[in-house]
Number of protein chains: 2
Amino acid sequence: MGMFPAMADRCVIGVDLGGTKALAGAVGEDLAVHHRLQRPSQGLATGELLDVLAGMVREAVDAAPGEVAGVGFGVPGVLDRRTGIVAACPHLPLEGVRFEALMAERLGLPVAIDNDGNCAMLAEWRHGAARGADDALMVTVGTGIGGGIVAGGRLLRGATGGGAEIGHMVVELDGPPCEGRCPGRGHWEWYASGNAIGRAGAEAARSAPGSALAAEVAGGREITGALVTELAHHGDATAVDVLALVGRRLGQGFVSLVNVFNPERIVVAGGAVAAGDLLLGPAREVVAREAMPSLRDVVQIIPARFGSDAGLLGAATLAFEECVR
Amino acid sequence: MGMFPAMADRCVIGVDLGGTKALAGAVGEDLAVHHRLQRPSQGLATGELLDVLAGMVREAVDAAPGEVAGVGFGVPGVLDRRTGIVAACPHLPLEGVRFEALMAERLGLPVAIDNDGNCAMLAEWRHGAARGADDALMVTVGTGIGGGIVAGGRLLRGATGGGAEIGHMVVELDGPPCEGRCPGRGHWEWYASGNAIGRAGAEAARSAPGSALAAEVAGGREITGALVTELAHHGDATAVDVLALVGRRLGQGFVSLVNVFNPERIVVAGGAVAAGDLLLGPAREVVAREAMPSLRDVVQIIPARFGSDAGLLGAATLAFEECVR
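Residues numbered from 1 in each chain as written. Chains lettered and ligands numbered in written order. Predicted model: local features only at pLDDT ≥ 70, side-chain atom pairs only at ≥ 80, totals over all residues.

### Things to note about the overall build of chain A
- Helix and strand counts for chain A stand at twelve helices and twelve strands.
- The globule rule puts the C-alpha radius of gyration for 325 residues at 20 Å, and the 20 Å found for chain A is close to it.
- Judged by the C-alpha coordinates and their principal axes, chain A covers about 60 × 45 × 35 Å.
- For chain A, the residues scored as buried account for 58% of the 325 residues in total. (Helix = DSSP H or I, 4+ residues; strand = E, 2+ residues; numbered from the N terminus. Rg over C-alpha atoms; globule rule 2.2 N^0.38 Å. Buried ≥ 20, exposed ≤ 12 C-beta atoms within 10 Å, placed from the backbone.)

### Observations regarding the relation of the copies chain B and chain A
- Once chain B is rotated about the relating axis by 180° and shifted along it by 0.0 Å, it coincides with chain A to within an RMSD of 0.0 Å. Here the two chains are linked by the operation of a two-fold rotation axis.
- Interface overlap between copies: 100% of the residues of chain B at the interface are likewise at the interface in chain A, consistent with a symmetric, same-surface contact. (Least-squares fit on C-alpha atoms with pLDDT ≥ 70 in both. Contact = placed C-beta atoms within 7 Å.)

### Overview of the sheet that holds strand β8 (residues 136–141) of chain B
- Reading across the sheet, the five strands line up as β10-β9-β8-β11-β12 (chain B) and stay open at both edges, with mixed pairing between neighbours. The sheet is open, and its two edges are formed by β10 (154–155) and β12 (300–303) of chain B, each paired on a single side. (Pairing = 2+ DSSP bridges.)

### Some thoughts on the interface of chain B and chain A
- Each partner contributes residues to the interface: chain B has 48 residues there, and chain A has 48 residues.
- Residue classes in the side of chain B that touches chain A are distributed as 24 nonpolar, 13 polar and eleven charged. (Nonpolar A, V, L, I, M, F, W, Y, C, P; charged D, E, K, R; others polar.)

### Examining the environment of B:His233
Residue and element names in this part refer to chain B.
- Its location among the elements puts His-233 in helix α8 (residues 225–233).
- According to the C-beta neighbour criterion, His-233 is partly exposed, with 15 such atoms within 10 Å.
- For the pair His-233 and Ala-274, spaced 41 residues apart in sequence, the C-alpha separation works out to 9.5 Å.

### Side note on helix α4 (residues 116–127) of chain B
Residue and element names in this part refer to chain B.
- Taking 1.5 Å as the rise per residue, α4 with twelve residues should run 16 Å; its terminal C-alpha atoms sit 16 Å apart, in good agreement.
- Burial runs high along α4: ten of the twelve residues are buried.
- The complete set of buried residues in α4 reads Asp-116, Gly-117, Asn-118, Cys-119, Ala-120, Met-121, Leu-122, Ala-123, Glu-124 and Trp-125. (Expected span 1.5 Å × (residues − 1).)

### Details of the pairing of strand β7 (residues 111–115) of chain A
Residue and element names in this part refer to chain A.
- Along β7, five of the five residues are buried, which leaves the element largely enclosed by surrounding structure.
- Of the strand pairs in this sheet, strand β4 (residues 68–75) and β7 are connected by five bridges, and their pairing is parallel. When the bridges of β7 are listed, Phe-73 appears paired with Ile-113.

### Quick word on the environment of A:Pro65
Residue and element names in this part refer to chain A.
- Mapped onto the elements, Pro-65 comes out in the loop between α2 (46–63) and β4.
- Sequence spacing of Pro-65 and Gly-28 is 37 residues, and the spatial spacing of their C-alpha atoms is 8.5 Å.
- Those residues within four positions of Pro-65 in sequence are excluded, and the remaining contacts are Asp-9, Cys-11 and His-34.

### Overview of the nonpolar core
- A:Ile13, A:Val15, B:Ile13 and B:Val15 are the most contacted members of the largest nonpolar core, which has 233 residues in total.
- Residues in contact with B:Ile13, not counting those within four places in the same chain, are B:Ala24, B:Ala26, B:Val57, B:Ala60, B:Val61, B:Val68, B:Val71 and B:Ala319. (Core = buried A, V, L, I, M, F, W, Y, C linked by C-beta atoms within 7 Å.)

### Concerning the packing of helix α6 (residues 194–207) of chain B against α8(B)
Residue and element names in this part refer to chain B.
- For the pair α6 and α8, interaxial distance at closest approach is 7 Å and the crossing angle is 70°. Our classification of the angle between α6 and α8 gives roughly perpendicular. Residues Gly-194, Asn-195, Ile-197, Gly-198 and Gly-201 of α6 pack against Gly-225, Leu-227 and Val-228 of α8.
- Considered class by class, the residues forming the contact of α6 with α8 number three nonpolar, five polar and no charged. (Axes fitted to C-alpha atoms, helices over the stretch in contact; angles between N-to-C directions. Parallel < 35°, antiparallel > 145°, perpendicular 65-115°, else oblique.)

### A closer look at the domain arrangement of chain A
Residues and elements named next belong to chain A.
- Looking at chain A, the domain boundaries give domain 1 (5–123 + 309–323) and domain 2 (131–304).
- Relative placement of domain 1 and domain 2: their C-alpha centres are 27 Å apart.
- Taken residue by residue, the interface counts 16 residues in domain 1 and 17 residues in domain 2.
- Looking at which element gives the most residues to the side of domain 1 that touches domain 2, the answer is helix α4 (residues 116–127), with six residues. (Domains from an automatic or database assignment.)

### What about the sheet that holds strand β3 (residues 33–40) of chain B?
Residue and element names in this part refer to chain B.
- Reading across the sheet, the five strands line up as β3-β2-β1-β4-β7 and stay open at both edges, with mixed pairing between neighbours. Two strands in the sheet have a free side with no partner beyond their single neighbour: β3 and β7 (111–115). Across this sheet, the average inter-strand angle for adjacent strands is 15°, counted without regard to direction.
- Lying on the sheet, helix α3 (residues 99–107) is in contact with β4 (68–75) and β7; it crosses β7 at an angle near 150°.
- Together, β1 (11–17), β2 (21–28), β3, β4 and β7 form the strand contacts of helix α12 (residues 310–323), whose direction differs from that of β1 by roughly 135°.

### Looking at the packing of helix α8 (residues 225–233) of chain A against helix α9 (residues 237–261) of chain A
Residues and elements named next belong to chain A.
- Running from N to C, α8 and α9 point in directions that differ by 120°, and their axes come no closer than 7 Å. As judged from the angle between their axes, α8 and α9 are oblique. When the axes of α8 and α9 are compared, the crossing they make is left-handed. Within the contact between the two elements, α8 uses Val-228, Thr-229, Leu-231 and Ala-232 and α9 uses Ala-239, Val-240, Val-242 and Leu-243. (Left-handed = near helix turned anticlockwise from the far one by under 90°.)

### As for unusual backbone geometry
- A positive phi angle is found at A:Leu31, which is not glycine, with a value near 75°.
- For A:Leu31, a count of 18 C-beta atoms within 10 Å corresponds to the partly exposed category.

### Considerations on the pairing of β2(B)
All names here are of chain B.
- Burial analysis of β2 places seven of its eight residues in the buried class, the great majority of the element.
- Pairing geometry for β1 and β2, over seven bridges, is antiparallel. Bridge pairing in β2 places Cys-11 opposite Gly-28.
- Hairpin connection of β1 to β2: three residues between the antiparallel strands.
- Sheet analysis places β2 next to β3, joined by seven bridges and oriented antiparallel. Paired with Gly-25 across the bridge in β3 is Arg-36.
- Following β2, the chain reverses through four residues before pairing antiparallel with β3; Leu-31 in that reversal takes a positive phi of roughly 75°.

Spelled out as structure tokens, the structure:
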């Protein structure tokens, strides 16, 4: 890559389709993003959403510095990769939509799609924090917990391409019902996501009236994961304790992943990365104490490299791997 | 296979090394077991155990109907397949032993080793209930819960060959400590193994004094998973309820596996298979209710084909795949 000047001109378009916004860019083989677009994705009907996405891709194609070989989409839902149909999509009206075929028809370009978690994993695996590891996991701690899995040197996709929903592991038998359209109970993301930090922060504010957290509640602010993280970084002991509690729960899920997958690396991404070692420190301690010794000794738990660009870069990497012959 | 008479004479030796006994046999490519041996494995020092195993293999080689191409061992522990060393072995004195190299030296034959759960999975995948599935899991419900995983058409082995310890997924945050040498807490096998059936049966006997279970306790019998299963088959409602409770907990673990792996089949093996639909029925109901709809719709939960022979046949299959050129 990059040895022949002519090759560097080859581009793909990567699209990271999220529940509130879509990001797109023309991406070169050196992973440079040549043109970057963002549009709201929320509140649109199916046809409107597809129009917006097609418009974004066309604009990126026009601005690309070279020939565009294909388009990769990271979609926030469960995909059936055999058919290119979106099987489930909690935040966007894409359930049952022949997404891959419809976008290929509209764009006249080869299209590849995958789950957004798989795309982010692909970017980190090929070019980021999981590079060189044949067995690695990506855990994206945001509103919920998403993820991607590399096992034996390949992305784990499951029978129909819907796998790696690691946020939906049961960590509490008969626990509270999942949010969104998942019919499960007691899932990891209820206890260890960014939303979980917010929930635990609101509880802590009630039981610690003298804390900075309680002062924020008194001032009318909503306790979110981001706010807890901010207060913890400013030294509020209650906020630090909240991150430690959620970090331990994050670590308990890591224990399952270490025991089942025996990975070399667990790459942590998402908004929760801002909490840094206040969250990951307690998580690592749980893994050191509770995972099987011969498995925990080979695993590193580290932050992702690409941050909020992982989805876009992963969708582009997918396009390079699946659309470029 | 089997087209050329000369080929049918080719054999391997399969050894299923368990915590209490070792099984060995000369196995043909048609999976027929030509000579079958069993020896106690418990209470031996490392050297004695290796001697016993070498003796069993030599006897099987002598009795084999054709040339022996190699030897496969299923070992009940965490293996480092890069080095052939046993990394952890709760029930036998093999921790740190260069098992593969030592057996190859003693026997003068090619040797392949894998975790016993992986061996059983291999047998069911190549020749049994998981045949033809590129994504499948085997869940062995016995004293604990063991397993094997096929993902994307390959056995999942992890970074050092120690993966697929699915019995050691956390299903209860801060739950009771694991038995044996696992330092974890709240693991699935605590709630859904054969031992768990026995524990839940003993509790139920205390709270239902009129039950057949309570009568057995009064008669001095220990409540085991096998006894609960026997009484349930004879119609004792309390025993039926115990299997249903443990079946639901088994199902909650299946939910995690379905959401993470998106398998086509989950093959259930081990002593708990004797409980049949009294255990698997409630487990299937939980999956139908709580797993992600698009994933649960493609998965079948079915009993294994090979029963107690799966380990031996899987070790033989391993030898055919790794020792035969």
